[in-house]
Amino acid sequence: MKKTDRLQTIWGMLPVLVFLLLWEIVGRFNFFPGQFFFPPFSSVLKEFYHLTANGVLGKNFLSSLTRVLIGLITGSITGIAVGILMGWKDIVNKALNPIISLLYPIPALGWLPLLMLWIGINEMLPITIIFICSFFPVVYNTTTGIKNVDKRYIYAAETLGASNMRILFKVVVPLALPNIFTGLKLEAGMSWRVLVAAEMVAIPTGIGALLMQAESLVRVDIIMVCLIVLSIMCLIFEKIFTLAERYLVGKWSNYA
Amino acid sequence: MPDIRLVNVSKHICRDLNLTINDGEIFVIVGSTGAGKTTLLNIIAGVTNYSGNVFIGDVCVDKISPKKRGVGYLFQGLALFPHMTVESNISFGLKTMGLEEDVIKNRVDSLMEMVRIKHLSGRFPHMLSGGEKKRVALARSLAPSPQILLLDEPTSSLDHQTAKYLRNELMVILRKLRITTVYITHDLREAGEIADRIAFISDGRIEQVSTPKEFFFNPKNDCVSQFVGMPNIIECTSSRILASGLVEVISDKMKMVLPYDGSDIKKIAIPPEDIYISDIMPPGPALNRFIGIVEKITKLNSTVRVRVSIGKNNLLAELPENAFDELSIEEGKEVYVVIKLRRLRYIES
């Protein structure tokens, strides 16, 4: 790492360290009324260790992670497939666009009461919510990406004798990847936010449920542990897609 | 290689076009921006719909998709696939033909050698210079061995030296392959150098199709003449070699000494911008300097056109407005005329 890069990294970490230090001071010296409501950072770390050691955090985290992965993967794959069809075939776009446009603006959590009645309170509920949360933005971004591919690339492929399928999968879809990844990155973090909301309202396991239990026991330290885990997971998921995008698109995306 | 025939073809600005491009010839289309040149290529390639008929050889290709027309197309913006390396771009068309891997590799290698980009095979288009990109696009369009090659301004947006270099290489390749080629440019010098025939298109209509010499010396109408910028065609009555590379020509009262490597010059074309007019005798030797009468002065947007008669010859000079304002010339008055030798064109018998 170059010296300037190292300095930049330290400079970027500095506000985080200052924030944690302030947190510790405010919590330790009781600037807030009562340590219960604002535990110092060290107490939160200690609780994190306890929850990890007794397996509570791990169990709830795994439940949430499984739900997010299933919902996000199925929602994204379906979204990409429908988006490709809508972007490529005008007739499909004309048929599906009105209904997608109507359903897309509904907040994912707005579906919750309806889904609770339709599906019931079980594992499928948060997965379905995440599916919906992932599906619509990915459809939208994929359709836009496919439609925005410069027609000259398609003409060029046509004059080179390529079949429609070859044009679609070798030219159009790769060129739409930057747009598709925009949708995926948006939803990677959003899926965790939606999941927690669903778990808080209806599901007895998962990070959201742990949050609700902590709230009822006035365990602010556990709440903070859960929030930190959520924040880190949102960042990790977004980072995974950013890295995937860099791997698939980074080599050539400077063409614009 | 097949010929191309367009019969009553219309699309957008192009209206009722009728055109025959002979097999194996390099057919250059010139015209100003928006005249319909690219539309014409798109029609031949089949990447746009149109009314009328297009024949490639004896086959009417109106119902044949671009995939099966056997046309190689170098697009104006090149349309190199940005997510593919140079090698993948060139092999794209070959892979669609279902050829063996080693056949594809050999063909790609030989094309890269031909256009001298072998060292760039693993690079992506955004890593290439303008000239390199054009070479890749050319190799890609030639890869499936097309019957017809469409080149939309292949040397545009390159610096003069690179454009010249690329043009020369292109000429060697085209002459070697003898592919029927339709070549768009708005560089008249380029058109004159490479064309077997030139077509001038204006507002979607083909105004003239002729050999380069006819095109420059016998513009069919004002529109072509204005585009060619050669309204001054002087018929020479005699010419003789003065020294190696120097010829004296006589046209009525005009006796001119010109740098030329031939002998029997019949006509000279002079661009109006290369005729200098002065109300006082210009300094320097009295070579290619004449006294004429101002016949007509026409003010345009930022230039002024002055028609001057020298004996039986009528010359049209075009001056920048500020240069004209500094002169005191008026219709019927005598002026000095100096002919610059920079961009003269000659026709021999």
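Note: the structure precedes this text.
Residues numbered from 1 in each chain as written. Chains lettered and ligands numbered in written order. Predicted model: local features only at pLDDT ≥ 70, side-chain atom pairs only at ≥ 80, totals over all residues. Heavy atoms only, no water.

> So, the sheet that holds strand β3 (residues 26-30) of chain B: which residues are in play, and what are the values?
All names here are of chain B. Strands sit in the order β6-β7-β8-β3-β9-β10 across an open sheet of six strands; the sheet is mixed. Looking at which strands have only one partner, the edges of the open sheet turn out to be β6 (71-74) and β10 (205-210). On average, adjacent strands in this sheet sit at an angle of 15° to one another, irrespective of strand direction. Pairing analysis gives five bridges linking strand β9 (residues 197-202) to β10, with the strands arranged antiparallel. Within β10, the residue paired with Ile198 across the bridge is Ser210. Contacts from helix α4 (residues 130-142) reach β6 and β7 (148-152) within the one sheet, and its direction differs from that of β6 by about 170°. (Pairing = 2+ DSSP bridges. Helix = DSSP H or I, 4+ residues; strand = E, 2+ residues; numbered from the N terminus. Axes fitted to C-alpha atoms, helices over the stretch in contact; angles between N-to-C directions. Contact = heavy atoms within 4.5 Å.)

> Which residues make up helix α1 (residues 3-28) of chain A, and what are the values?
All names here are of chain A. Helix length check: α1, at 26 residues, gives a terminal C-alpha distance of 36 Å against a target of 38 Å (1.5 Å per residue), a fit within 8%. Turning to α1, its buried residues number three or more, namely Trp23, Glu24 and Gly27. The inward-facing, buried residues of α1 contact α2 (41-53) and α10 (220-249). Looking one or two residues past α1, Asn30 carries a phi angle of roughly 55°, positive in sign. (Expected span 1.5 Å × (residues − 1). Buried < 20%, exposed > 50% of the residue type's maximum accessible area, 1.4 Å probe, protein only.)

> So what's going on with the pattern of salt bridges? Residues and values would help.
Any two side chains of opposite charge can pair, given that their charged atoms come close. Tallied over the entire structure, the rule returns 19 salt bridges over all chains. Two residues, A:Arg67 and A:Glu199, come together in a salt bridge whose shortest N-O distance is 2.5 Å. In this pair, A:Arg67 sits in helix α3 (residues 56-88) while A:Glu199 sits in helix α8 (residues 164-201), placing the two residues 132 residues apart along the sequence. The class for A:Arg67 is buried, based on a relative accessible area of 1%. Exposure remark for A:Glu199: the relative accessible area of 1% places this residue in the buried category. Notably, a salt bridge pairs B:Glu248 with B:Arg240, separated by 3.1 Å at the nearest N-O pair. (Salt bridge = Lys/Arg side-chain N within 4 Å of Asp/Glu carboxyl O.)

> Summarise the interface of chain B and chain A; cite the residues concerned and give the values.
Contact residues are listed per partner, giving 23 residues for chain B and 22 residues for chain A. Summed over both partners, the interface of chain B with chain A buries about 2,100 Å², with 71% contributed by carbon and sulfur atoms. Where chain B touches chain A, the interface holds zero salt bridges. At the boundary of chain B with chain A, the tally comes to five residue pairs in polar contact (both at pLDDT 80 or more). Elements supplying a minimum of two residues to the side of chain B that touches chain A: β6 and α2 (86-95) of chain B. The dominant element in the side of chain B that touches chain A, judged by the number of residues it contributes, is α2(B), at three residues. Grouping the constituent residues of the side of chain B that touches chain A by class yields 15 nonpolar, five polar and three charged. (Buried area = accessible area lost by both parts, 1.4 Å probe. Polar contact = N/O pair within 3.5 Å; in protein donor to acceptor, adjacent residues only side chain to side chain. Nonpolar A, V, L, I, M, F, W, Y, C, P; charged D, E, K, R; others polar.)

> Run through empty space enclosed by the protein, naming residues and quoting values.
To find leftover empty space, a probe the size of one water molecule is rolled over the atoms. Residue and element names in this part refer to chain B. Applying the stated rule across the entire model yields one cavity of 30 Å³ or more. As a volume, the largest cavity reaches approximately 30 Å³. In terms of lining residues, the largest cavity is bounded by Leu74, Lys134, Leu138, Pro154, Leu166 and Leu170. Among the elements of the structure, α4 and α5 (160-177) are those that each provide at least two residues to the lining of the largest cavity. Grouping the amino acids of the lining of the largest cavity by side-chain chemistry returns five nonpolar, no polar and one charged. (1 Å grid on protein atoms, 1.4 Å probe; cavity = no way out; pocket = protein on both sides within 12 Å on 5 of 7 lines; lining within 4 Å. Points joined across faces, edges and corners; volume = space filled by probe spheres on them.)

> Please give an account of the layout of surface pockets that cites residues and values.
The calculated volume of the second largest pocket comes to roughly 280 Å³. Taken together, A:Gly87, A:Trp88, A:Lys89, A:Ile146, A:Lys147, A:Val149, A:Lys151, A:Ile154, A:Tyr155, A:Glu158, A:Asn164 and B:Lys67 form the lining of the second largest pocket. Mapped onto the lining of the second largest pocket, the elements with two or more residues apiece are α3, α6 (124-147) and α7 (151-159) of chain A. Residue contributions to the lining of the second largest pocket peak at four residues, all from α7(A).

> An account of the sheet that holds strand β16 (residues 275-278) of chain B is needed here, citing residue identities and associated values.
The strands that make up a sheet are held in pairs by hydrogen bonds between backbone atoms, and each pair lies either parallel or antiparallel. Residues and elements named next belong to chain B. Spatially, β16-β20-β17-β18-β19 is the arrangement adopted by the five strands of the open sheet, whose pairing is antiparallel. Two strands bound the open sheet, and with one partner strand each, they are β16 and β19 (313-320). Looking at each pair of strands side by side, their axes are set apart by 45° on average, direction ignored. Of the strand pairs in this sheet, strand β18 (residues 303-310) and β19 are connected by eight bridges, and their pairing is antiparallel. Looking at β19, one finds that Val306 is bridged to Ala317.

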